[in-house]
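Here is what each chain is made of, one letter per residue.
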Amino acid sequence: AQRVTQPEKLLSVFKGAPVELKCNYSYSGSPELFWYVQYSRQRLQLLLRHISRESIKGFTADLNKGETSFHLKKPFAQEEDSAMYYCALQTGANNLFFGTGTRLTVIP
Amino acid sequence: ETGVTQSPTHLIKTRGQQVTLRCSSQSGHNTVSWYQQALGQGPQFIFQYYREEENGRGNFPPRFSGLQFPNYSSELNVNALELDDSALYLCASSFITNTGELFFGEGSRLTVL
C-alpha cells in the first residue's frame, strides 16, 4: 500500500533563511511525485513535479529513491511562501495520494 | 479560461440523509476527480470519471457514487450520511494524459449533524 509522510505539521522560518519541507513515501511501483501548494484564500494548485526537474518560485525537489524521499527546498524563504504544502504520489492516471501537509510560516 | 467551480460552497445535513455535490470542470478538461479532505488531513482520493465512466476509485464505500455528464460536469452523491462524512469535498479536473496536474475547485464543505 502507498503512503506519503510529511512529518512536520507546522514549520516556521525567518525570511531569507533556507527552508526544507520533508516528504517520504512508500510505494511498490515507480513513483511519480508532486508538490501542491495552497496559499491563503486560494485553491490547491500544483507547485512542481519531480519528472520536470524544474525550479518553481525558487523551490526545487529531488526524488531520492534510495531514501524514498522528495523533500522540497528553497535557499532563501520569502514571506509570500507562507502556505500549506502537500506532497503527493501519483498512483493511477491522475490519481494522487496526498500527505497530511505542512503549514509553512515565513517570519518577517 | 473558466476554472473549476463547485456548488454548494457550504451545506449542513443530518445523519442518514443523502447529499449531491456538483462540479463544473475547467474548460477543455475531460477527466474529473473527487477528493475528501477531513480537518487537518490531506485530500483523499474518492474516484475519477473519464468519458462518463468511473476510471479509478479510492477506499470509499459504495454509498459514495458519482456521475460525469457529456459536458464533463460531474456530481458526487453520498447516501446514508454518517458523522465522519463531514469534510471538505474537492473536485479536480484534468486531461486524461498522465501528467498528474490537477486543477482544483474551492470545495464544498459538508457538515453532518
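Everything here concerns the structure above.
In what follows, the accompanying structure is described.

Some details on the overall build of chain B
Working step 1: A count of helical and extended segments in chain B gives 0 helices and 11 strands.
Working step 2: Counted from the first residue to the last, chain B has its helices and strands arranged as β-β-β-β-β-β-β-β-β-β-β.
Working step 3: Scaling as 2.2 N^0.38, a compact globule of 113 residues should have a C-alpha radius of gyration of about 13 Å, and chain B matches this with 13 Å.
Working step 4: If you line up chain B on its principal axes, its C-alpha atoms span 40 × 25 × 25 Å.
Working step 5: Relative to its full complement of 113 residues, chain B shows a buried share of 48%.
Working step 6: Of the accessible surface of chain B, which amounts to about 5,500 Å², a share of 49% is contributed by carbon and sulfur atoms.
Working step 7: Each charge sign in chain B was given a centre, from 7 positive and 10 negative side chains, and these centres are 8 Å apart.

Let's talk about the state of the cysteines
Working step 1: Summed over the entire model, instances satisfying the criterion amount to 2 disulfides over all chains.
Working step 2: The partner cysteine of C23 of chain A in its disulfide is C87 of chain A, sulfur to sulfur 2.0 Å. Judged by the torsion about the S-S bond (-65 degrees), the C23 of chain A/C87 of chain A disulfide is left-handed. A residue pair is termed long-range when its members are at least 10 positions apart, and C23 of chain A in the loop between β3 (19-21) and β4 (24-26) and C87 of chain A in strand β9 (residues 83-92) qualify at 64 residues.
Working step 3: You can call C87 of chain A buried: its relative accessible area is 0%.
Working step 4: Across the disulfide from C23 of chain B sits C91 of chain B; the S-S distance is 1.8 Å. Around the S-S axis, the bridge from C23 of chain B to C91 of chain B shows a dihedral of about -65 degrees and counts as left-handed. Taken together, the positions of C23 of chain B in strand β3 (residues 19-24) and C91 of chain B in strand β9 (residues 87-94) put the pair 68 residues apart, joining distant regions of the chain. In this pair, the class of C23 of chain B matches that of C91 of chain B, namely buried.

Observations concerning the packing of aromatic side chains
Working step 1: Taken as a whole, this structure holds 10 aromatic pairs over all chains when the rule is applied.
Working step 2: Taken together, a centroid distance of 5.7 Å and an interplanar angle of 85 degrees make the contact between F98 of chain A and Y35 of chain B edge-to-face. Of this pair, F98 of chain A sits in strand β10 (residues 95-98) while Y35 of chain B sits in strand β4 (residues 31-37), placing the two residues on different chains.
Working step 3: Taking relative accessible area as the criterion, F98 of chain A reaches 6% and is therefore assigned buried.
Working step 4: Its relative accessible area of 0% is what places Y35 of chain B among the buried residues.

Comments concerning the sheet that holds strand β8 (residues 74-78) of chain B
Residue and element names in this part refer to chain B.
Working step 1: Pairing within the open sheet is antiparallel, and its 4 strands lie in the order β1-β3-β8-β7. Edge positions in the sheet fall to β1 (5-7) and β7 (64-68), since each of these pairs with one other strand and no more. Adjacent strand axes in the sheet meet at a mean angle of 20 degrees when their direction is disregarded.
Working step 2: Pairing geometry for β7 and β8, over 5 bridges, is antiparallel. Each bridged residue has a counterpart across the sheet, and for F64 the counterpart in β8 is V78.

Structural notes on the interface of chain B and chain A
Working step 1: If you look at the interface, chain B gives 25 residues, while chain A gives 17 residues.
Working step 2: Summed over both sides, the interface of chain B with chain A buries roughly 1,700 Å², with 43% coming from carbon and sulfur.
Working step 3: At the junction of chain B with chain A, the criterion picks out 2 salt bridges.
Working step 4: Residue E106 of chain B pairs with R43 of chain A through a salt bridge whose shortest N-O separation is 3.8 Å.
Working step 5: If you look at where chain B meets chain A, you find 8 residue pairs in polar contact (both at pLDDT 80 or more).

Side note on the pattern of salt bridges
Residue and element names in this part refer to chain A.
Working step 1: A full pass over the atoms with the stated rule returns 10 salt bridges over all chains.
Working step 2: Note that K15 is salt-bridged to E79, the shortest N-O span being 4.0 Å. Of the two residues, K15 sits in the loop between β2 (10-14) and β3 while E79 sits in the loop between β8 (72-74) and β9, which places them 64 residues apart along the sequence.
Working step 3: Relative accessible area serves as the criterion here: at 45%, K15 is assigned to the partly exposed category.
Working step 4: A salt bridge links E20 to K73; the nearest nitrogen and oxygen atoms lie 3.6 Å apart.

What counts, and at which threshold
Residues numbered from 1 in each chain as written. Chains lettered and ligands numbered in written order. Predicted model: local features only at pLDDT ≥ 70, side-chain atom pairs only at ≥ 80, totals over all residues. Heavy atoms only, no water. Helix = DSSP H or I, 4+ residues; strand = E, 2+ residues; numbered from the N terminus. Rg over C-alpha atoms; globule rule 2.2 N^0.38 Å. Buried < 20%, exposed > 50% of the residue type's maximum accessible area, 1.4 Å probe, protein only. Areas by Shrake-Rupley, 256 points an atom, 1.4 Å probe, with all protein chains shown as cover. Lys, Arg positive; Asp, Glu negative; His and termini not counted. Charge placed at Lys NZ, Arg CZ, Asp CG, Glu CD. Disulfide = S-S within 2.5 Å. Phe/Tyr/Trp six-rings, centres within 6.5 Å; stacked < 30°, edge-to-face > 60°. Pairing = 2+ DSSP bridges. Axes fitted to C-alpha atoms, helices over the stretch in contact; angles between N-to-C directions. Contact = heavy atoms within 4.5 Å. Buried area = accessible area lost by both parts, 1.4 Å probe. Salt bridge = Lys/Arg side-chain N within 4 Å of Asp/Glu carboxyl O. Polar contact = N/O pair within 3.5 Å; in protein donor to acceptor, adjacent residues only side chain to side chain.

Bear in mind that shape data such as this cannot, by itself, settle questions of function.
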